[in-house]
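Below are the chains, spelled out letter by letter.
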Amino acid sequence: MNINTALPSRPSSTRRGRLGRLAVVGAAAASGVLLLAGPASAHVSVQPGTAEKGGYSTISIKVPNEKDNASTVKLELDLDPKHPLVSVMPQAVPGWDVKVEKTKLDKPVQMHGKSIDEAVTKVVWTGGKIEPGRFQQFPLSVGQLPTDADELVFKALQTYSDDDVVRWIDPSKPGGEEPEHPAPVLKLVDKAPAGGKADGADEKNGKDATTQAAASDDDGGSSDTTARVLGIVGIVVGVAGVAFGVLAGRRRTAA
């Protein structure tokens, strides 16, 4: 008696080769994305990136280490000379020494009833170490922020243990391509209304937003109901298809 045993089909060598090539291409593409995404986020920057005009703010200079074989050992921050700040107080960072440098102003400014004739123009941190794969925050309390500017530009020099100096001083142009070493920027925004109350236009916008949100919820409910109905119909059609297949198979077997 002959017994024919059906063996499971195996992918041909051509198909296996094609799948292998697709896997290699996919891995290469993923690696390329990671390589491109890494450097783009490793800039010296100001955190948070915005502050209110005319007030005081606590900011941090975020410094990542971009090298695999050297540590960051010094940070030099030059403040915007066009908009001098009379009050710059660094917060102590464990393991780091800080030095604040001031410069005489050509024109004294009035602050809290006093005439101020000098402003901080440079802050330097030394003595510490940012190892590869790490970053460090350097907090500063700054003020009084200008009211006649939309941003403050800080130029930073990052020195590594191999004596390499990265100059984060390139200006960024609105709508243009980001430079290789952009200077850290603090965006200045208008002060919020007293008491946090919005004006008539803001209230109107708020009401409009509420109305739109309610309409969106209604649309979402209708869409959800439609989706459920279509899902049930799909299940029914699927069950019917399976049943038809079973019956067809039985008929072929009986024949």
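Scroll up to find the structure this text is about.
Residues numbered from 1 in each chain as written. Predicted model: local features only at pLDDT ≥ 70, side-chain atom pairs only at ≥ 80, totals over all residues. Heavy atoms only, no water.

**A short note on the overall build of the chain**
When its secondary structure is counted, the chain shows 2 helices and 12 strands. If you list the helices and strands of the chain from N to C, you get α-β-β-β-β-β-β-β-β-β-β-β-β-α. Classification of the 255 residues of the chain by burial places 25% in the buried group. A separation of at least 24 residues holds for 71% of the contacts in the chain among residues at least 6 apart in sequence. For the chain, the accessible area works out to roughly 17,800 Å², and carbon and sulfur atoms hold 56% of it. (Helix = DSSP H or I, 4+ residues; strand = E, 2+ residues; numbered from the N terminus. Buried < 20%, exposed > 50% of the residue type's maximum accessible area, 1.4 Å probe, protein only. Contact = heavy atoms within 4.5 Å. Areas by Shrake-Rupley, 256 points an atom, 1.4 Å probe, with all protein chains shown as cover.)

**Examining the packing of aromatic side chains**
Here the structure, examined in full by the defined rule, presents 2 aromatic pairs. Geometry around Phe-135 places Lys-62 over its ring, the cationic atom sitting 4.8 Å from the centre. Above the plane of the ring of Tyr-160 lies Lys-67, whose end atom (NZ or CZ) is 5.0 Å from the centre. (Phe/Tyr/Trp six-rings, centres within 6.5 Å; stacked < 30°, edge-to-face > 60°. Lys NZ or Arg CZ within 6 Å of the ring centre and 35° of its normal.)

**Things to note about unusual backbone geometry**
What you tend to see is this: most non-glycine residues have negative phi, and most peptide bonds are trans. In this model, Gln-47 is joined to Pro-48 through a cis peptide bond whose omega is -10°. Mapped onto the fold, Pro-48 is located in the loop between strand 1 (45-47) and strand 2 (50-52). In this model, Gly-143 is joined to Gln-144 through a cis peptide bond whose omega is -15°.

**Section: the nonpolar core**
Core analysis: the largest hydrophobic core is formed by 31 residues, its most contacted members being Ile-61, Phe-138, Leu-140 and Leu-186. Among the elements of the structure, strand 3 (57-64), strand 4 (72-78), strand 7 (114-130), strand 8 (135-143), strand 10 (155-160), strand 11 (165-168) and strand 12 (185-189) are those that each provide at least two residues to this core. (Core = buried A, V, L, I, M, F, W, Y, C linked by side-chain atoms within 4.5 Å.)

**Quick word on the pattern of salt bridges**
Under the definition given, this model contains 9 salt bridges. With a closest N to O distance of 2.8 Å, Lys-67 and Asp-164 form a salt bridge. With a gap of 97 residues between them, Lys-67 in the loop between strand 3 and strand 4 and Asp-164 in the loop between strand 10 and strand 11 connect regions that are remote in the sequence. A salt bridge links Glu-118 to Lys-102, with the shortest nitrogen-to-oxygen separation between them at 3.9 Å. With Glu-118 in strand 7 and Lys-102 in strand 6 (residues 97-111), this residue pair connects regions lying 16 residues apart in the sequence. (Salt bridge = Lys/Arg side-chain N within 4 Å of Asp/Glu carboxyl O.)

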